[in-house]
Amino acid sequence: MVPFPENKGYVGKSQVRTFVEETTSAEDTLISHVSVALYDLGGVGKTQDVLDFVYSCKKSYSVFWIYCESPARFDEDYRKLAKLVKIPGSNESDPSQDIRGIAKNWLESNESGDWIVVFDNADNKTDFFPGSDGGESAGLAKYIPKCAKGTVVITTRDYEVAYQLAGSGDVLTKEAMAPTDASTLFRQHYPGGALYNDADCAQLLHELQDLPLAVAQVASYLQINRQTISPTQYLAKFQRTKADQQQLFSKSVHNPFRPALPESSAGAAEAVLTTFEITFRQMQQQSPLAGSILRLIACIDPQGIPHELLATLESGGDEMLLGEALAKLHNFSLLQFQTDTTGKSYTKVSAIGTAARVLSQVIPPDGDFKHWPRWCQYLPHTTASLSQAGEEFNTIEIATICFSMAHYLCQTGRYHDSKPLLERATEIRSLLLGDDYPETLKSMLLLAEAFFETGMRDECEELEVKVVALSAKVLGEGHLDTLHAMSNLANTLQNKGRWDEVEKLQKKVLETRKRLLGEDHPGTLTAMNNLALMLWNQGRWVEAEKLQKKVLETRKRLLGEDHPDTLTAMNNLALTLRYQGRWVEAEKLQKKVLETSKVILGEDHPDTLTVMNNLALTLRDQGRGDEAEKLQKKVLETSKILLGEDHPDTLHAMHNLAFTI
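Residues numbered from 1 in each chain as written. Predicted model: local features only at pLDDT ≥ 70, side-chain atom pairs only at ≥ 80, totals over all residues. Heavy atoms only, no water.

Focus: the sheet that holds strand E2 (residues 62-67)
Alright, step 1. Pairing within the open sheet is parallel, and its five strands lie in the order E2-E3-E4-E1-E5. At either end of the open sheet lies a strand with only one pairing partner, and these are E2 and strand E5 (171-173). Strand-to-strand twist of the sheet, defined as the mean angle between neighbouring strand axes without regard to direction, takes the value 20 degrees.
Alright, step 2. Sheet topology note: the E2/strand E3 (residues 115-120) ladder contains six bridges and is parallel. Residue Ile66 lies in a different strand from E3, and its bridge partner there is Phe119.
Alright, step 3. Along the sheet, helix H1 (residues 15-23) makes contact with strand E1 (34-39), strand E4 (151-156) and E5, crossing E1 at roughly 155 degrees. (Pairing = 2+ DSSP bridges. Helix = DSSP H or I, 4+ residues; strand = E, 2+ residues; numbered from the N terminus. Axes fitted to C-alpha atoms, helices over the stretch in contact; angles between N-to-C directions. Contact = heavy atoms within 4.5 Å.)

Structure (structure tokens):
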């Protein structure tokens, strides 16, 4: 599981390889746990150093490469690891599963054998140590394996991260490339073409501060243009663009991707930026599409970019044209190296706009269950894109990304995370389209749902009343979107015990949906289920059971037994059976729902916790208090972590446990 091919022309000696060899036994076997961090600025060759080490060991040990640019990408690579080795209990399509804990536990187990894990680009301290005290609780550091075997290698630009993850004695500072090695690297990437002028080549490498990334970039540029541009010409242009460079990269955007460097390092950073400037200009002239791809990559997660994301750019569907542009980027190593600074500082507006436009076209339109595997692929890219798009980029495309991503988060139970996205989507659509525009109303309605699930019930009702009124006025009372808004409002009012209003709304929604959609439509079944819940809350269990059985049988037939909507219907029927004293039937259904929910939704999903709580109550009703208490304690602790101690669901769990004890 290594994302890069072996660099057979690697120049120099791998520091990580030397360190591991010196700290292992005389027989060159990894007999105990080794942890080492390689630290320095971007572009100095950290990744290539580690690649040389892992390929020297690849035949003897399992190697796993985990990219740490963001927590989402960390999770994605841990999912790949789990799928590759087939860890029991792991589920690639379940984004709510504790994949970090599953992967870490497997690595620490005897079943994993001998391994090397590389945590590459571990640059963001707060991702690893989010607490104010610098502790690892809830951070990625908690999920780096610590055991009596295996080798952990970390690459980072942050010394503090290196120190805390590996310890002071095991932090290596990447050594500067020797001039002779820089010359060798340069000639590897520029093997033919115009005759060398050794003096000019040496001066050019000196100007580049012998940085491996800069050397490889310049040499690749010269190789591609070997018929028209010589190293001497390149050096002359390089030196002439100093004033232009200072103008393009003003102090506020000179080096936006890392902290201010010491004075002795400033020249090196500027040299890389100048190289990218010259490379980008030449590449843009040769292939505008390659320039567009480069600008797009600068605004999203730079690794693991799906092919279809790039295919929507200005290639007109011509795969050969797209292939030529990608080959050009590959020749410049821009699809292989970490190049956060490429072009971004001086094409920011255009780049973020392009990224938003492309993402809005290819991401799933919503968070429905069938789209969960694709969201696992796209979530790192939407997260990275939105993090860079400030208020000045509040466009319809940004609103689309926010809404679609938030819908997925809601469907997977992450309502707190969805709320700021929905607030932004609603604000943008309201400003640009108006409050009464259908897409604005959809954003408002989903935001109201997030309010409800995070305990903001009054805010939820206020927003839902507004949406119902606007929808009825603009779309009509019989429109499906209006009926959806009415149904949500009824559920909110039901929570407040306003039964007469609820029953009136629910019956109206059900009858209208039957007429417009038919009895088997998912929207009709949802309305039937909601009416049954209202009847259940009023103690009208026989009426409720009749409706719930119809909903369950239809969903089984249309969606399958493992679909989340089918599980919801099964859980609701079990609850009705319990309240009629039919505990054996209820328990059988609830156990089935619980086990399936753990697999499909994850143990911490709100719906899974609801089922667990309901099963506990059924067990308590049968006098099995010890079993009930065990489940209720788990529900309470998880609710505190996910929802907070003051959330209504947490308080309800607390009340149930107190009653059992």
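Here's the deal with the environment of Leu204
Alright, step 1. Residue placement: Leu204 occurs in helix H8 (residues 198-207).
Alright, step 2. Once the C-alpha coordinates of Leu204 and Ala236 are considered, the two residues, 32 residues apart in sequence, prove to be 9.3 Å apart.
Alright, step 3. Leaving out residues up to four positions away in the same chain, Leu204 has contacts with Phe186, Val218, Leu222, Tyr234 and Leu235.

Comments concerning helix H25 (residues 541-559)
Every α-helical turn comprises 3.6 residues, leaving residues that sit three or four positions apart pointing alike.
Alright, step 1. With 19 residues, H25 extends 26 Å from end C-alpha to end C-alpha; this agrees with the ideal 27 Å at 1.5 Å per step.
Alright, step 2. Within the span of H25, buried status applies to Ala544, Glu545, Leu547, Gln548, Val551, Leu552, Thr554 and Arg555.
Alright, step 3. Buried-residue contacts for H25 involve helix H24 (522-537) and helix H26 (564-579).
Alright, step 4. Looking at the residues trailing H25, positive phi occurs at Gly560, about 100 degrees. (Expected span 1.5 Å × (residues − 1). Buried < 20%, exposed > 50% of the residue type's maximum accessible area, 1.4 Å probe, protein only.)

Focus on the packing of aromatic side chains
Alright, step 1. Scanning all chains against the criterion turns up six aromatic pairs.
Alright, step 2. Ring geometry for Phe64 and Trp106: centres 6.1 Å apart, planes at 80 degrees, overall edge-to-face. Of this pair, Phe64 sits in strand E2 while Trp106 sits in helix H4 (residues 99-108); the two residues are 42 residues apart in sequence, bridging distant segments of the chain. The pair Phe64 / Trp106 is uniform in exposure class, with both members buried.
Alright, step 3. Centre to centre, the rings of Trp541 and Tyr579 are 5.6 Å apart; their planes meet at 40 degrees, and the pair counts as tilted. In this pair, Trp541 sits in helix H25 while Tyr579 sits in helix H26, placing the two residues 38 residues apart along the sequence.
Alright, step 4. According to the relative accessible area criterion, Tyr579 is partly exposed, its value standing at 38%.
Alright, step 5. A connected cluster of aromatic rings, assembled from ring pairs, spans Phe74, Tyr78 and Phe119.
Alright, step 6. The ring of Phe403 carries the charged tip of Arg429 above its face, separated from the ring centre by 5.0 Å.
Alright, step 7. Above the ring of Phe452, the side-chain terminus of Arg457 is found at 3.9 Å from the ring centroid. (Phe/Tyr/Trp six-rings, centres within 6.5 Å; stacked < 30°, edge-to-face > 60°. Lys NZ or Arg CZ within 6 Å of the ring centre and 35° of its normal.)

Side note on the packing of helix H20 (residues 438-453) against helix H22 (residues 480-495)
Alright, step 1. Remark: H20 packs on H22, axes separated minimally by 11 Å, with the N-to-C direction vectors making an angle of 15 degrees. Relative to H22, H20 is oriented roughly parallel. Of the two possible hands of crossing, H20 and H22 adopt the one that is left-handed. From H20, Lys442, Leu445 and Phe452 reach across to H22, where they touch Asp481, His484, Ala485, Asn488, Thr492 and Asn495.
Alright, step 2. By residue class, the composition of the contact of H20 with H22 is three nonpolar, four polar and two charged. (Parallel < 35°, antiparallel > 145°, perpendicular 65-115°, else oblique. Left-handed = near helix turned anticlockwise from the far one by under 90°. Nonpolar A, V, L, I, M, F, W, Y, C, P; charged D, E, K, R; others polar.)

Details of the pattern of salt bridges
Alright, step 1. Scanning the entire structure with this criterion turns up 33 salt bridges.
Alright, step 2. Residue Arg578 pairs with Asp621 through a salt bridge whose shortest N-O separation is 2.7 Å. Taken together, the residues Arg578 in helix H26 and Asp621 in helix H28 (residues 606-621) connect sequence positions 43 residues apart.
Alright, step 3. When its relative accessible area of 8% is taken as the criterion, Arg578 is described as buried.
Alright, step 4. Residue Asp621 is classed as partly exposed on the basis of its relative accessible area, which comes to 28%.
Alright, step 5. Close ionic contact of Lys598 with Glu595 constitutes a salt bridge, the shortest N to O distance being 3.9 Å. (Salt bridge = Lys/Arg side-chain N within 4 Å of Asp/Glu carboxyl O.)

None of the figures reported here should be taken as evidence of function without further support.
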